[in-house]
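As a plain string of letters, each chain reads:
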Amino acid sequence: MNIFFQTWPWYVSGFIIGLIMLCLIYFGKSFGMSSNLRSMCTIMGAGKRTAFFDFDWKSQRWNLVVVLGAVLGGFVAANFMSDPSNVTINPKTIEQLATYGIDAPNGKLAPNTLFGPAVFQSPKGIAILLVGGLLIGFGTRYAGGCTSGHAISGLSNLQVPSLKAVIGFFIGGLIMAYLIFPLIF
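Residues numbered from 1 in each chain as written. Predicted model: local features only at pLDDT ≥ 70, side-chain atom pairs only at ≥ 80, totals over all residues. Heavy atoms only, no water.

A. The arrangement of the overall build of the protein in detail. When you go through the protein residue by residue, the secondary structure sums to eight helices and zero strands. Counting helices and strands in the order they occur from the N terminus, the protein gives α-α-α-α-α-α-α-α. C-alpha extents for the protein along the principal axes are approximately 50 × 45 × 35 Å. By residue count, 18% of the 185 residues in the protein fall in the buried class. For the protein, the proportion of contacts with a sequence separation of at least 24, taken over those separated by at least 6, is 50%. Here the protein displays about 13500 Å² of accessible surface, and carbon together with sulfur accounts for 71% of that area. Averaging the locations of the 11 positively and 5 negatively charged side chains of the protein gives two centres separated by 12 Å. (Helix = DSSP H or I, 4+ residues; strand = E, 2+ residues; numbered from the N terminus. Buried < 20%, exposed > 50% of the residue type's maximum accessible area, 1.4 Å probe, protein only. Contact = heavy atoms within 4.5 Å. Areas by Shrake-Rupley, 256 points an atom, 1.4 Å probe, with all protein chains shown as cover. Lys, Arg positive; Asp, Glu negative; His and termini not counted. Charge placed at Lys NZ, Arg CZ, Asp CG, Glu CD.)

B. Representation of the UniProt feature "transmembrane region" (unreviewed entry) in the protein within the structure. Summarizing the sequence annotation, UniProt attributes the feature "transmembrane region" (unreviewed entry) to residues 6–28, 62–81, 125–144 and 165–184 in the numbering used throughout. Note that residues 125–144 is 95% helix and 0% strand, and that its end C-alpha atoms are spaced 28 Å apart. Spanning residues 165–184, this segment combines 100% helix with 0% strand, and its end C-alpha atoms are found 25 Å apart. (UniProt positions renumbered as here; feature names shortened; annotations may be inferred.)

C. Highlighting helix α4 (residues 91–99). Its side-chain oxygen 2.8 Å from the backbone nitrogen of K92, N90 forms the N-cap of α4. Following α4 by one or two positions, G101 adopts a phi angle in the positive range, close to 80°. (Polar contact = N/O pair within 3.5 Å; in protein donor to acceptor, adjacent residues only side chain to side chain.)

D. View of unusual backbone geometry. Positive phi is not limited to glycine here, since L158 has a value of about 60°. Within the element layout of this structure, L158 appears in the loop between α7 (147–156) and α8 (160–184). Judged by its relative accessible area of 74%, L158 is exposed.

E. Quick look at the packing of α7 against α8. In the contact formed by α7 and α8, the axes pass within 9 Å of each other and the chain directions differ by 135°. As the angle between them shows, α7 and α8 are arranged oblique. For the pair α7 and α8, the crossing hand works out as left-handed. Taken together, the residues of α8 that come into contact with α7 (itself represented by T147, H150, A151, G154 and L155) are P161, S162, L163, A165, V166 and F169. Across the contact of α7 with α8, the residue classes tally to seven nonpolar, four polar and no charged. (Axes fitted to C-alpha atoms, helices over the stretch in contact; angles between N-to-C directions. Parallel < 35°, antiparallel > 145°, perpendicular 65-115°, else oblique. Left-handed = near helix turned anticlockwise from the far one by under 90°. Nonpolar A, V, L, I, M, F, W, Y, C, P; charged D, E, K, R; others polar.)

Below, the structure is given as structure tokens:
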């Protein structure tokens, strides 16, 4: 039982993801989290106003279970299975964050300065969340899917558009980390 409380090696996690993808390919399904937002909007009646949301969401029911599992799994992992002693972050990263005035995560995956409740107490933090959310939403639609859909499902199906999208995700991440992030903080 102790294995569930430790970080798994990449080759174990990757193998399991590969098996899941083989099952999805066998059953003719494609995986992606952003498509679930479209399904949820359709369930709530957005199809009456916009043609994009007018589709048979019931054919995607299985993927909504994936979202529910991700939310429940994240809650259980964060609240009952967390062991901060197994999270290590490169000391150079911690030094770099300190130059921006961001505290060390101290055994967490993300620092409280960026992902804690204090973000909602400053106009700058709220603005960053709103602009970031809009950019992510636009980018996801523009790219035809999210990182999980393209990087996991699209690449495993050898789709060239997914390869282009993943390259774009990495380039965007590098631009954010090295050019934009220092300007914001």
